Amino acid sequence: MDFAFRIALKSVAILIFLILSTRLTSIDASIHIYQKQLFNEVGNAYLLPGGSEGLDASLSSDNSATDGRSFIRFENITFWRTPVAADEQSEMEHSTGLIQAVIFEAADRNNIGGSAYGGQRSICCTPDLAKLEGCKQGEVIRIPSATEINWPIVLNIQFSGNNLSTRMDSAEVPIQKTGMYNLFFIACDPKLKGTVMSGKTVWKNPGGYLPGRMAPLMKFYVYMAIAYLLLTAIWFWQYVRFWEDILQLQHCIAAVIGLGLFEMILWYLDYSNFNRTGMRPVVITAWVVTVGAIKKTLSRLLILSVSMGYGVVRPTLGGLTSKVLLIGATYFLASELLDITEHVGTINDISGRARLFLALPDAFLDAFLILWIFTSLSKTLEQLQAKRISVKLDLYRKFSNALAVAVIASVAWITYEIYFKATDPFNERWQSAWIITAFWDILSFVLLCVICYLWAPSQSSQRYAYSEDVGEEFDEEEAQSLTRGQSNGDVSLVKQEQKNGNAGISDEEDDSEEDKRE
């Protein structure tokens with residue numbers, strides 16, 4: 001009990017320190033580092049993606065100020081072409097290769113490139129397009145935006161003579177309009193095939209370096225941490241008051257609450273550091289992901305164990321223990337891999353294909369666990385009905401109703417998430433995308449609160465505990481009917497108790513046989 005209190009007090013101290021030490025913001029961006037990255041051939045051009053993030057408009061027009069401004073800054077950008085391409089050029093020539101940095105808002109994506117006579121779309125200007133569009137052959141086709149004539153932004157970087165490398169001058173592009181911005185480095189010259197690039201770009205919003213999609217989550221995790229802190233305080237207060245009546249199941253619930261609080265604090269710490277520095281530390285993010293995977297795994301195993309009647313209908317899980325541990329280990333591994341792919345080192349606002357691939361086993365295991373949980377819950381309810389244990393039966397009915405609502409809400413939200421992503425392929429609704437992630441944390445917390453309410457520590461906690469004497473579980477009404485007999489009522493009552501005792505033994509045998517079958 002003292003150990004649990006120390007954990008709770010430390011969590012409170014950490015949370016207060018984080019809230020006081022870091023300013024809460026709702027807007028943000030990051031730093032992208034490139035290390036010898038290769039240009040890829042796409043159509044008639046060679047492309048290198050530089051980043052994609054949601055950026056908010058600058059709050060200040062003062063170029064000397066850092067806070068309140070939003071911009072994309074190029075720092076130490078260097079390009080290297082192949083020795084073969086360099087040797088083909090004359091040492092005296094001024095311009096022997098052009099690379100262009102193109103920045104455009106997602107809404108203006110069709111303003112880059114064009115097609116001649118309705119044919120295949122080209123990024124670079126061709127002889128036919130030069131006649132039709134008036135573009136300059138060998139350069140990126142740029143059509144001015146309908147809302148801002150200076151956008152999309154195109155910055156030129158030239159190789160000179162037969163030099164192997166060229167360095168881009170430091171440049172800063174101010175952002176005056178909120179939107180999803182994309183950066184590409186493009187080479188239209190076929191001789192620049194095999195070019196690589198190093199350097200970094202700084203994407204800054206008025207409040208920091210956190211990507212726009214992630215920014216609202218930083219404040220959300222503070223609110224979730226406070227919610228978990230309140231739940232922790234209430235739960236441990238009950239813990240102290242009824243320490244002698246605590247069940248083993250309630251210890252498991254306390255562990256899940258503690259992990260939930262710790263996870264929310266770590267998420268806030270990760271996002272706060274990201275927002276201040278523009279870099280996402282792998283160690284901190286890996287810790288957050290691991291704690292989250294452990295918490296999700298234990299939460300699901302807790303619900304599964306409760307559904308099987310652990311501590312209520314059966315004292316242990318018996319032969320099912322190894323199966324439960326196996327599914328738990330498998331789920332932890334799948335969840336850990338998915339979260340590491342999605343979060344560790346991630347900066348861009350667009351998720352990769354790897355996430356979709358790793359999400360499939362995670363979704364399959366969730367579906368399998370849901371099926372197992374409801375199958376076990378159905379059997380537990382049947383046993384309680386057969387034994388006529390009304391107090392436990394009422395408890396499990398409330399629990400099954402809460403689970404049913406949670407599953408329906410999950411299916412509805414998954415449907416909405418699929419619709420949301422299918423109708424927004426270019427992440428133009430990035431400002432509301434954080435709700436997709438936040439919903440699952442909220443649903444998990446609400447379901448945990450329901451479990452805490454149903455199995456809250458109290459003076460009567462032991463009435464929900466497993467008991468070998470089934471006769472003690474009978475309703476008062478049934479007990480009274482047994483005592484209403486004639487002169488031979490005492491004899492019949494003894495017979496009835498013996499009968500009930502035998503029934504209890506046979507029920508236990510049935511439970512053990514059922515465990516073996518499962």
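Everything quoted here is computed from the prediction, not taken from an experiment.

A.B. asks: Would you explain the packing of helix H6 (residues 282–307) against helix H9 (residues 390–422) in this entry?
C.D. replies: Each pair of packed helices gets described by two things: the angle between the helix axes and the distance between those axes. Where H6 contacts H9, the axes come no closer than 11 Å and their chain directions differ by 140 degrees. For the element pair H6 / H9, the angle class is oblique. Between H6 and H9 lies a crossing whose hand is left-handed. Each of Ile303, Val306 and Ser307 in H6 lies in contact with H9, whose residues at this interface are Tyr396, Phe399 and Leu403. Classifying every residue of the contact of H6 with H9 by side-chain character gives 5 nonpolar, 1 polar and no charged.

A.B. asks: Is there a simple way to think about the UniProt feature "transmembrane region" (unreviewed entry) in the protein chain in this case?
C.D. replies: According to UniProt, the positions carrying the feature "transmembrane region" (unreviewed entry) are residues 220–240, 252–269, 281–303, 354–374, 395–414 and 434–456. As annotated, residues 220–240 has a helix share of 100% and a strand share of 0%, and its two end C-alpha atoms lie 30 Å apart.

A.B. asks: Help me out: how do you make sense of helix H5 (residues 248–277) in this one?
C.D. replies: Structural remark: α-helix, 3.6 residues per turn; residues separated by three or four positions point the same way. Over its 30 residues, H5 extends 44 Å from the first C-alpha to the last, a length consistent with the 44 Å expected when each residue adds 1.5 Å. In terms of burial, H5 is largely enclosed, as 21 of its 30 residues are buried. In the segment just after H5, glycine 278 is the residue with positive phi, at about 85 degrees.

A.B. asks: I tried to follow the environment of glutamate 75 on my own but got confused; where do I start?
C.D. replies: Considering the arrangement of structural elements, one finds glutamate 75 in strand S4 (residues 71–80). The spatial distance from the C-alpha of glutamate 75 to the C-alpha of serine 198 is 9.8 Å, given a sequence separation of 123 residues. For glutamate 75, the contacting residues outside a window of four places in its chain are Gly199, Lys200 and Val202. A distance of 2.7 Å separates polar atoms of two side chains, one belonging to glutamate 75 and the other to arginine 73.

A.B. asks: Hey, could you run me through the packing of helix H4 (residues 215–241) against helix H10 (residues 434–454) in this one?
C.D. replies: Remark: H4 packs on H10, axes separated minimally by 11 Å, with the N-to-C direction vectors making an angle of 5 degrees. Judged by the angle between their axes, H4 and H10 are roughly parallel. Only Trp434, Thr437, Ala438, Asp441, Ile442, Ser444, Phe445, Leu448, Cys449 and Cys452 of H10 make contact with H4, whose side of the interface consists of Pro216, Leu217, Phe220, Tyr221, Met224, Ala227, Tyr228, Leu231 and Trp235.

A.B. asks: Even after reading the chapter, I still don't get the packing of aromatic side chains, so can you show me in this structure?
C.D. replies: The relation between two aromatic rings is expressed through the spacing of the ring centres and the mutual angle of the planes. Inspection of the entire model under this criterion finds 23 aromatic pairs. Where phenylalanine 236 meets tyrosine 239, the ring centres are 5.5 Å apart and the plane angle is 65 degrees; that geometry is what we call edge-to-face. One end of the pair is phenylalanine 236 and the other is tyrosine 239, both in helix H4 and 3 residues apart, which spans about a single turn. Exposure class is identical for phenylalanine 236 and tyrosine 239. Each is buried. Through a chain of ring-to-ring contacts, three or more aromatic side chains come together here, namely Tyr34, Phe39, Phe74, Phe79 and Phe185. Positioned above the aromatic ring of tryptophan 80, the side-chain terminus of lysine 36 is 3.6 Å from the ring centre.

A.B. asks: Can you help me understand the pattern of salt bridges in this one?
C.D. replies: Pairing between side chains becomes possible if they bear opposite charge and their charged atoms approach one another. Under the counting rule described, the total for this entry stands at 12 salt bridges. For aspartate 339, the salt bridge goes to lysine 296, with nearest N and O atoms at 3.1 Å. A residue pair is termed long-range when its members are at least 10 positions apart, and aspartate 339 in helix H7 (residues 321–343) and lysine 296 in helix H6 qualify at 43 residues. You can call aspartate 339 buried: its relative accessible area is 10%. For lysine 296, a relative accessible area of 24% gives the class partly exposed. It is possible to trace a salt-bridge network through shared partners that takes in Arg69, Arg73, Glu75, Glu172 and Lys200.

A.B. asks: Looking at this structure, how should I read the sheet that holds strand S2 (residues 40–42)?
C.D. replies: Note: strands within a sheet are paired through backbone hydrogen bonds, in either parallel or antiparallel orientation. One open sheet holds the 5 strands; their spatial order is S2-S3-S9-S5-S6, and the pairing between them is antiparallel. Since the sheet does not close on itself, it has two edges, and those belong to S2 and strand S6 (153–159), each with one partner. In this sheet, adjacent strand axes meet at a mean angle of 35 degrees when their direction is disregarded. Sheet analysis places S2 next to strand S3 (residues 45–55), joined by 3 bridges and oriented antiparallel. When the bridges of S3 are listed, asparagine 40 appears paired with leucine 47.

A.B. asks: When you look at the side chain of serine 335 in this model, what are you seeing that I'm missing?
C.D. replies: By the secondary structure assignment, serine 335 is in helix H7. Not counting residues up to four positions away in its chain, the partners in contact with serine 335 are Ala293, Lys296 and Asp362.

A.B. asks: What exactly am I supposed to notice about the nonpolar core here?
C.D. replies: The tendency in soluble globular proteins is for nonpolar side chains to be buried side by side. Counting 75 residues, the largest nonpolar core has Tyr221, Ile253, Tyr271, Phe399, Leu448 and Trp455 as its most contacted members. Counting residues in each nonpolar core, the second largest holds 26 residues, with Ile72, Trp151, Phe185 and Met197 among its members.

Parameters at a glance
Residues numbered from 1 in each chain as written. Predicted model: local features only at pLDDT ≥ 70, side-chain atom pairs only at ≥ 80, totals over all residues. Heavy atoms only, no water. Axes fitted to C-alpha atoms, helices over the stretch in contact; angles between N-to-C directions. Helix = DSSP H or I, 4+ residues; strand = E, 2+ residues; numbered from the N terminus. Parallel < 35°, antiparallel > 145°, perpendicular 65-115°, else oblique. Left-handed = near helix turned anticlockwise from the far one by under 90°. Contact = heavy atoms within 4.5 Å. Nonpolar A, V, L, I, M, F, W, Y, C, P; charged D, E, K, R; others polar. UniProt positions renumbered as here; feature names shortened; annotations may be inferred. Expected span 1.5 Å × (residues − 1). Buried < 20%, exposed > 50% of the residue type's maximum accessible area, 1.4 Å probe, protein only. Polar contact = N/O pair within 3.5 Å; in protein donor to acceptor, adjacent residues only side chain to side chain. Phe/Tyr/Trp six-rings, centres within 6.5 Å; stacked < 30°, edge-to-face > 60°. Lys NZ or Arg CZ within 6 Å of the ring centre and 35° of its normal. Salt bridge = Lys/Arg side-chain N within 4 Å of Asp/Glu carboxyl O. Pairing = 2+ DSSP bridges. Core = buried A, V, L, I, M, F, W, Y, C linked by side-chain atoms within 4.5 Å.

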